[in-house]
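# Overview (structure and organization)
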Amino acid sequence: MVQYAALVLPLAFAMGAKAQNHNGPTPTMSFNASAGTTNLPNTDYSNERLGFLWNQVGPVATHTKVTATVEPTPEASLVGPGQFHPLVASTFSSNLTGAKLPPNFAWGLCASAYQIEGAAKDEGRGPSIWDLLSHRVPNQVADNSTGDVLGQHYYLYKQDFARLKAMGIPYYSPSISWPRIFPFGHGPVNEAGVKHYDDVIAEMVKNGIKPAVSLFHWDTPLALFNEYGGWTNRKIVDDYVNYAKFVISRYDKYVPVWFTINEPQYCNWQYSSYPAGNYYPSYGVGPGLKARFLCGHYTLLAHAKVAKWYHEEFKGKGRITFKNSGNYFEANSTSEADKAAVQRSYDFVLGWFGGPWTDGDYPQSLKDTLRDLLPKFTQEEKNLIKGSCDFFAIDGYTAFYAGAIQGGSLEDCTSNSSYPGYPECTSSSSVDPNGFGIGPGADLGASWLKSTPGGIRKLLKAITQDLFPCIKDIMVSEFGFAEPFESSYTNIQDALWDLRRADYLQGFMDNILLAIHHDKINVTGAFIWSICKFCIRKLSEHDNFEWGSGIKTRFGIQYLDYSTLERIPKASTFQMLNWFRSHGGEFIGGGAGNSTTPK
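Thresholds applied
- In every chain, residue numbers begin from 1 and rise along the written sequence.
- Selection of residues for local features in this predicted model requires a pLDDT of at least 70, selection of side-chain atom pairs for listing and counting requires 80 or more, and totals for whole chains, interfaces and linings are taken over all residues.
- The basis for the side-chain values is all heavy atoms of the structure; hydrogens and waters are excluded.
- Numbering of helices and strands runs from the N terminus; a helix is a DSSP stretch of H or I covering at least four residues, while a strand is a stretch of E covering at least two.
- Three exposure classes are used, based on accessible area relative to the maximum for each residue type with a 1.4 Å probe and protein chains only: buried under 20%, partly exposed in between, and exposed over 50%.
- Contact criterion: two residues are considered in contact whenever any of their non-hydrogen atoms come within 4.5 Å of each other.
- Only the protein chains shown count as cover for residues, and all accessible areas are computed by the Shrake-Rupley method using a 1.4 Å probe.
- Cysteine sulfur atoms that come within 2.5 Å of each other are treated as a disulfide pair.
- Salt bridges are identified by distance alone: a Lys or Arg side-chain nitrogen within 4 Å of an Asp or Glu carboxyl oxygen.
- In this context, the arc is that of the directions from the helix axis out to the C-beta atoms.
- Aromatic rings from Phe, Tyr and Trp, with only the six-membered ring used for Trp, were paired whenever their centres fell within 6.5 Å, and each pair was classed as stacked if the ring planes differed by under 30 degrees, edge-to-face if by over 60, and tilted otherwise.
- In this scheme, Lys NZ or Arg CZ marks a charge over a ring once it lies within 6 Å of the ring centre and within 35 degrees of the ring normal.
- The span you would expect from a helix comes to 1.5 Å times its residue count less one.
- Between any two strands, at least two bridges found by DSSP are needed for them to pair.
- Angular values range over 0 to 180 degrees, each being the angle between N-to-C directions of two axes fitted as lines to C-alpha atoms, with helices fitted over their stretch in contact.
- We define a nonpolar core as any set of buried Ala, Val, Leu, Ile, Met, Phe, Trp, Tyr and Cys residues linked to one another through side-chain atoms lying within 4.5 Å.
- Within 3.5 Å is the distance limit for a polar contact, defined as a pair of N or O atoms, with the added protein rule that one can donate a hydrogen and the other accept it, and that residues adjacent in sequence qualify only through two side-chain atoms.

Within the protein one finds 19 helices and 13 strands. By the burial criterion, 58% of the 599 residues in the protein qualify as buried. Nonlocal contacts in the protein, meaning residues at least 24 apart in sequence, comprise 79% of its contacts between residues at least 6 apart. Total accessible area on the protein stands at roughly 25,000 Å², and carbon and sulfur atoms take up 53% of it.

Before going further, it helps to spend a moment on the state of the cysteines. Evaluated as defined, the whole model comprises 2 disulfides. Residue Cys413 pairs covalently with Cys425 via a disulfide, S to S 2.0 Å. Handedness of the Cys413-Cys425 disulfide follows from its S-S torsion of about -80 degrees: it is left-handed. Linking Cys413 in helix 15 (residues 410–414) with Cys425 in the loop between helix 15 and strand 9 (426–429), this pair joins segments that are 12 residues apart in sequence. Accessibility classification places Cys413 together with Cys425 in one group, the buried group.

Under the definition given, this model contains 20 salt bridges. We note a salt bridge from Lys158 to Asp199, for which the minimum N-O separation is 3.7 Å. Remark: Asp199 occurs in helix 7 (residues 191–206) and Lys158 occurs in helix 5 (residues 153–167); sequence separation between them is 41 residues. With a closest N to O distance of 3.3 Å, Lys382 and Asp361 form a salt bridge. Residue Lys382 is found in helix 14 (residues 379–385), and its partner Asp361 is found in the loop between helix 12 (336–347) and helix 13 (364–370); the two are separated by 21 residues along the sequence. A relative accessible area of 19% means that Lys382 is categorised as buried. Here Asp361 falls in the buried class, since its relative accessible area comes to 9%. Shared partners join several salt bridges into a network, and the residues in it are Glu486, Asp498, Arg501 and Lys570.

So, on to helix 2 (residues 47–57). Among the residues making up helix 2, those that are buried are Leu50, Leu53, Trp54, Gln56 and Val57. Viewed end-on, helix 2 has its buried residues packed into an arc of 150 degrees, placing them on one side of the element. The exposed residues of helix 2 that point more than 90 degrees off its buried face are Glu48 and Asn55. The inward-facing, buried residues of helix 2 abut helix 4 (129–136) and helix 8 (222–228). Of the residues trailing helix 2, Gly58 is marked for its positive phi of about 110 degrees.

Turning next to the packing of aromatic side chains. Aromatic ring pairs are reported here in terms of the distance separating the ring centres and the angle at which the planes meet. Considering all chains together, one arrives at 38 aromatic pairs under this definition. Over the ring of Phe259 we find Lys323; its NZ or CZ atom is 5.6 Å from the centre of that ring.

Bringing helix 9 (residues 235–251) into the picture now. If you check helix 9, its first and last C-alpha atoms are 25 Å apart, about what 17 residues at 1.5 Å a residue would give, namely 24 Å. Lining the buried residues of helix 9 we find helix 6 (178–181), helix 7, helix 8, strand 4 (257–262), helix 11 (289–313) and strand 5 (319–325).

Turning to the sheet that holds strand 6 (residues 328–331), a few remarks are in order. The mixed open sheet is built from 3 strands, whose spatial order is 6-8-9. Each edge of the sheet is formed by a strand with only one pairing partner; in this case those strands are strand 6 and strand 9. Strand after strand, the sheet turns through a mean of 40 degrees between neighbouring axes, direction not considered. Here 4 bridges tie strand 8 (residues 399–404) to strand 9, and the two strands are oriented antiparallel to one another. Considered in strand 9, the bridge of Ala402 is made with Ser428.

As a further point, take the sheet that holds strand 5. Taken in spatial order, the 8 strands line up as 1-2-3-4-5-7-10-11 and close into a barrel, and their pairing is parallel. In this sheet, adjacent strand axes meet at a mean angle of 25 degrees when their direction is disregarded.

Here Val205 lies in helix 7. With 49 residues separating them along the chain, Val205 and Tyr254 place their C-alpha atoms 7.3 Å apart.

Turning our attention to the pairing of strand 11 (residues 523–529). Burial within strand 11 is extensive, with 7 of its 7 residues counted as buried. Looking at chain direction, strand 1 (residues 106–110) and strand 11 are connected through 5 bridges and run parallel. In the sheet register, Trp107 faces strand 11, and the bridge partner there is Ala526. As judged from the 4 bridges shared by strand 10 (residues 474–479) and strand 11, these two strands associate in the parallel manner. Directly across from Ile474, in strand 11, lies its bridge partner Val523.

Moving on to the nonpolar core. Judged by nonpolar contacts, the single largest core of 164 residues is most densely connected at Trp231, Tyr240, Trp258, Leu460, Ile463 and Phe479. At 13 residues, helix 11 tops the list of elements feeding residues into this core.

If you trace the backbone, Asn190 turns up in the loop between helix 6 and helix 7. Residue classification places Asn190 among the buried residues on the basis of a relative accessible area of 12%. Polar contacts involving the side chain of Asn190 include one to the main-chain carbonyl oxygen of Glu123, which spans 2.8 Å. Here Arg180 takes part through its backbone oxygen, which lies 3.0 Å from a polar atom of the side chain of Asn190. Apart from the residues within four sequence positions on either side, Asn190 is in contact with Glu123, Gly124, Arg125, Arg180, Ile181 and Pro183.

Looking at the secondary structure, you find Ala340 in helix 12. Taking the C-alpha atoms as reference, Ala340 lies 9.5 Å from Ala402; in sequence the two are 62 residues apart.

Keep in mind that these numbers describe shape and distance, not what the molecule does.
Here it is in structure tokens:
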């Protein structure tokens, strides 16, 4: 048996004397990976640095068949449901007899780059925060799917636009991928990415489709999180403005509507939970309330700076705003506490970003509740924000009941940041006070979404008459529905009968028209989410990416069969087309599509 003697250190070394070597003393220091606060500015725009960013994400899937832009094939006539089952009838036919949309009403379909493009690593694109989240953070996406491949709209856009033209749809509202233009968030532009979007815009114009473009739909370049923490740092404002100026300057003559930011409210239910400090540096701002309101603060400033430049320096020819996310709130009762809860609910959703319609600042309820957690605007910044939106855009999908917080007082909640429900300090529900559900539910992956068509009319009225009466016109920039269990069907024919989505669309469009004619609200547009849910032969495979819900929760009104590249419209497509034919919607070329479906 070998005996090992205990190691005895020289006394001087054990007491902390510096080790010696032929180059002199070796320095010592304390290390803490979570304590870094100094930003790491990047000036390395090399291929090696881009490779480092993608290595941070991990292996990326590619498509084995579609690897380059596909030229459009001839579009066949759109043939929908036959004689055995009708589409959904209008509940309001007697109230809408002869009712027509106003001239120049903008309508069409919408989508976002990360959710449908695929081709994640192709042609010089840099990774976004969502590439990191979907690849590296377990269960950040419910089914652990990614946006790597999806429907390959990046290569199939010509076919998609040919289908829109065949349907006669006059507008399409996409987003542009920031990291495709600036792979590092700033620095040199990516030549291939710019060429791609040049062709996308040109193809839309060639087909007679008007673009309504979102500059940012949550795909912040990952490099900016590494460099300074993304939207928790004021540096993001200048980088975003630089990106926005580049895109607008290039395409403004073709784009009548610009959305600077898609749903800044995502700072609450998405951004504030990003894993800062675990997968990229936190720079002292981890997940939570501080991140949430810093994100909102710099988002408002970024939008306002772009809008000011657009009108005063660039002299843009179109209109510019951002897209709000918000839903209608109905009070649980006639009590003053429940009425106050409704207003408070609106304050923390729409009022948070309502500065363009008020004095450029936050609502007093946010200031009183959040105190030092809420960043402050200078007077110059308030002046910049006020009036920075040309019209109000609302992504309004559903409705809720709202009431006073349960189990305590409002003061108990607002005075204690650890109190359940802080800082909103209200309760909300999708159940009517009488106990019945507020409306039919969507797919389980979108459990928050109920079909509540009456809510959109009430929401339009609340925004324009109660919350922000200075609004001159409003656009419903998104609405749509996730058909329950659609991904579970084993054949396409069954999946095409999306009657709950068709019913949702009919009811929402009817109520938008009622708001125009009966409430005298100047609604100037409506966009349906989304252009399509792409799939392969097996419906359970690649589809549109629905953020935290993954690819199984589906909002699209048509499918794509990868084996033939054929687009297959669902019943909801014909529900939409027939509605706009009946109510005077503009169609490309002045026609009304070539559908053979009976009205």
